[in-house]
Amino acid sequence: MTGGGEAARELGEKMSIAWVNFAKTGTPEAEGLPVWEAYTVEQGATMIFDTTSEIRYNHDKELLEVVRSFPVRGF
């Protein structure tokens, strides 16, 4: 998404730190990232990682509604 170079390395570092912190503490935080609250079905807080990362709420609501409209089959 960032096109490579230093910006990509910085973003990769932030993402790595966030995932390590999530594994350690249950909170995916890293310096330079917004506070990432816990995901709930109602809020749908999702981190969009980019050179300027942001939290979006229910950003994929329409897609999830389409997916949920299909019948569920056990295999």
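One can find the structure itself at the top, above this paragraph.
Residues numbered from 1 in each chain as written. Predicted model: local features only at pLDDT ≥ 70, side-chain atom pairs only at ≥ 80, totals over all residues. Heavy atoms only, no water.

Undergrad: Describe in detail unusual backbone geometry, supporting the description with residues and values.
TA: The phi dihedral of Asn-58 falls on the positive side, at around 50°, and the residue is not glycine. Relative to the helices and strands, Asn-58 resides in the loop between strand 2 (54–57) and helix 2 (61–68). (Helix = DSSP H or I, 4+ residues; strand = E, 2+ residues; numbered from the N terminus.)

Undergrad: Lay out the pairing of strand 2 with the relevant residues and their values.
TA: Taken together, the four bridges between strand 1 (residues 45–48) and strand 2 define a ladder with antiparallel strand orientation. Bridged to Thr-46 within strand 2 is Arg-56. Linking two consecutive strands that pair antiparallel, namely strand 1 and strand 2, is a turn of five residues. (Pairing = 2+ DSSP bridges.)

Undergrad: Any details on the nonpolar core? Residues and values, ideally.
TA: A general feature of soluble globular proteins is that nonpolar side chains tend to end up buried together. Counting eight residues, the largest nonpolar core is built from Leu-11, Ala-18, Ala-30, Leu-33, Ala-45, Met-47, Phe-49 and Ile-55. Going through the elements one at a time, helix 1 (5–25) and strand 1 are the ones with two or more residues in this core. Other than its neighbours up to four places away in sequence, Leu-33 contacts Lys-14, Ala-18, Met-47, Phe-49 and Ser-53. (Core = buried A, V, L, I, M, F, W, Y, C linked by side-chain atoms within 4.5 Å. Buried < 20%, exposed > 50% of the residue type's maximum accessible area, 1.4 Å probe, protein only. Contact = heavy atoms within 4.5 Å.)

Undergrad: If you had to explain the environment of Glu-13 to someone new, which residues and values would you point to?
TA: By the element assignment, Glu-13 lies in helix 1. Between the C-alpha atom of Glu-13 and that of Ala-30, which follows or precedes it by 17 residues, the distance is 9.1 Å.

Undergrad: Go over the pattern of salt bridges, please, and point to the residues and values.
TA: When charged atoms on two side chains of opposite charge get close, those side chains can pair. Counting across every chain of the model gives two salt bridges. Measuring nitrogen to oxygen at the nearest pair gives 3.5 Å for the salt bridge that ties Arg-9 to Glu-6. Of the two residues, Arg-9 and Glu-6 are both situated in helix 1; the distance of three residues between them amounts to about one turn of the helix. Residue Arg-9 is classed as exposed on the basis of its relative accessible area, which comes to 55%. According to the relative accessible area criterion, Glu-6 is partly exposed, its value standing at 45%. Across the pair Glu-54 and Arg-56 runs a salt bridge whose closest N-O atoms are separated by 3.0 Å. The exposure class of Glu-54 is partly exposed, given its relative accessible area of 35%. (Salt bridge = Lys/Arg side-chain N within 4 Å of Asp/Glu carboxyl O.)

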